[in-house]
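As a plain string of letters, each chain reads:
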Amino acid sequence: SIQEQTLLPVHHRFWSFSIPKRLRPYFMWNRKLLSLLVTAANNTLAKALSGGRLAKGMRPGIISLMQTHSGTMDWNCHLHLIVTDGLVDYTDPALPKFKQCAFWDTGVMTEMFRLELLTLMVKRKALAPDVADNLMSWGHSGFHVYASEPFDPSDTQTLINRLAYAYRLPAPLNRLSFNDGL
């Protein structure tokens, strides 16, 4: 199970990383760009935990879950993540060590995510530099980073609720019906 084989026995948080409507068509028409969302979120979390730079062997434990729809079934690519509530030191892979985060600043992380993603898109030549500059100038960027309260991964019901939300279908089966007459 995820609890026993994947998650470390430390507190975790449920995260969401979303992008503005202005960027969504880039990802809709080039699905290979979706990997950039994961990379940008991963870098944002790692940098937020290690003083603004990527530290060798130090990463949060992350499970990334991609969503490409909203509750109204329109195109809305965003990420849900289950993340350790701090850094894991993997310099000795046989004995990872955990360092809890004392404080998360999601406002700063939103700006870090915006810069990370736009930089990656420009490097990939998926976005023109002037468009990236324009998006960086927006006061209300449309980027958003959310973090839940910490939870213990042994709390099975909370973990199930988080994963069910992250894996939800575009249209819940209980809202579909079959009309044989049409």
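Chemist: Talk me through helix 5 (residues 129-137); I want residue IDs and the actual numbers.
Modeler: Along helix 5, the positions that sit buried rather than exposed are Val131, Ala132 and Leu135. Angular distribution of buried residues about the axis of helix 5 spans 100°; they occupy a single face of the element. Those residues of helix 5 that are exposed and angled more than 90 degrees off the buried face are Pro129, Asp130, Asp133 and Ser137. Residues of helix 5 that are buried in the fold lie against helix 2 (24-29) and helix 4 (106-123).

Chemist: Tell me what's going on with the pattern of salt bridges, and back it up with residues and numbers.
Modeler: Counted under the stated rule, the structure contains 3 salt bridges. Arg13 serves as the salt-bridge partner of Asp85, at 2.7 Å between the closest nitrogen and oxygen. One end of the pair, Asp85, is in the loop between strand 4 (75-84) and strand 5 (86-89); the other, Arg13, is in strand 1 (residues 12-18), with 72 residues separating them in the sequence. We classify Arg13 as buried; its relative accessible area is 15%. The residue Arg114 makes a salt bridge to Glu111 at a minimum N-O spacing of 2.5 Å. Highlighted residues: Arg114 and Glu111, both in helix 4, separated by 3 residues, approximately one helical turn.

Chemist: Mind laying out the packing of helix 4 against helix 5, listing which residues take part and the relevant values?
Modeler: Axis separation between helix 4 and helix 5 bottoms out at 10 Å; the angle between their running directions is 170°. Between helix 4 and helix 5, the interaxial angle falls into the category roughly antiparallel. Counting all contacts with helix 4, which are made through Arg114, Leu115, Leu118 and Val122, the residues of helix 5 involved are Pro129, Ala132, Leu135, Met136 and Ser137. Its residues placed into classes, the contact of helix 4 with helix 5 shows 7 nonpolar, 1 polar and 1 charged.

Chemist: I'd like a description of the packing of aromatic side chains, backed by residues and values.
Modeler: Scanning the entire structure with this criterion turns up 4 aromatic pairs. Here Phe17 and Phe113 contribute two aromatic rings whose centre-to-centre distance is 5.0 Å and whose plane-to-plane angle is 70°, an arrangement assigned as edge-to-face. One end of the pair, Phe17, is in strand 1; the other, Phe113, is in helix 4, and 96 residues separate them in sequence. Judged by its relative accessible area of 1%, Phe17 is buried. With a relative accessible area of 0%, Phe113 lands in the buried category. Ring geometry for Phe113 versus Phe143: centroids 5.8 Å apart, planes at 80°, classification edge-to-face.

Chemist: Quick rundown of the environment of Gly107? Include the residues and the values.
Modeler: Positionally, Gly107 belongs in helix 4. It is 9.0 Å that separates the C-alpha atoms of Gly107 and Tyr146, two residues lying 39 residues apart in sequence.

Chemist: Account for helix 4, with residues named and values stated.
Modeler: Over its 18 residues, helix 4 extends 25 Å from the first C-alpha to the last, a length consistent with the 26 Å expected when each residue adds 1.5 Å. Met109, Thr110, Phe113, Arg114, Glu116, Leu117, Leu118, Leu120 and Met121 are the residues of helix 4 that are buried. Among the structural elements, strand 1, helix 2, helix 3 (34-49), helix 5 and strand 7 (144-147) are those in contact with the buried residues of helix 4. Sitting at the head of helix 4, Asp105 places a side-chain oxygen 3.2 Å from the backbone nitrogen of Gly107. Taken from the residues just after helix 4, Lys125 is the one with a positive phi, measuring 60°.

Chemist: Before we move on, could you go through the side chain of His80 and cite the residues and values that matter?
Modeler: Within the secondary structure, His80 is located in strand 4. Within the structure, the side chain of His80 is placed 3.2 Å from the side chain of His78, a separation counted as a polar contact.

Basis of the calculations
- Residues numbered from 1 in each chain as written.
- Predicted model: local features only at pLDDT ≥ 70, side-chain atom pairs only at ≥ 80, totals over all residues.
- Heavy atoms only, no water.
- Buried < 20%, exposed > 50% of the residue type's maximum accessible area, 1.4 Å probe, protein only.
- Helix = DSSP H or I, 4+ residues; strand = E, 2+ residues; numbered from the N terminus.
- Arc of directions from axis to C-beta.
- Contact = heavy atoms within 4.5 Å.
- Salt bridge = Lys/Arg side-chain N within 4 Å of Asp/Glu carboxyl O.
- Axes fitted to C-alpha atoms, helices over the stretch in contact; angles between N-to-C directions.
- Parallel < 35°, antiparallel > 145°, perpendicular 65-115°, else oblique.
- Nonpolar A, V, L, I, M, F, W, Y, C, P; charged D, E, K, R; others polar.
- Phe/Tyr/Trp six-rings, centres within 6.5 Å; stacked < 30°, edge-to-face > 60°.
- Expected span 1.5 Å × (residues − 1).
- Polar contact = N/O pair within 3.5 Å; in protein donor to acceptor, adjacent residues only side chain to side chain.

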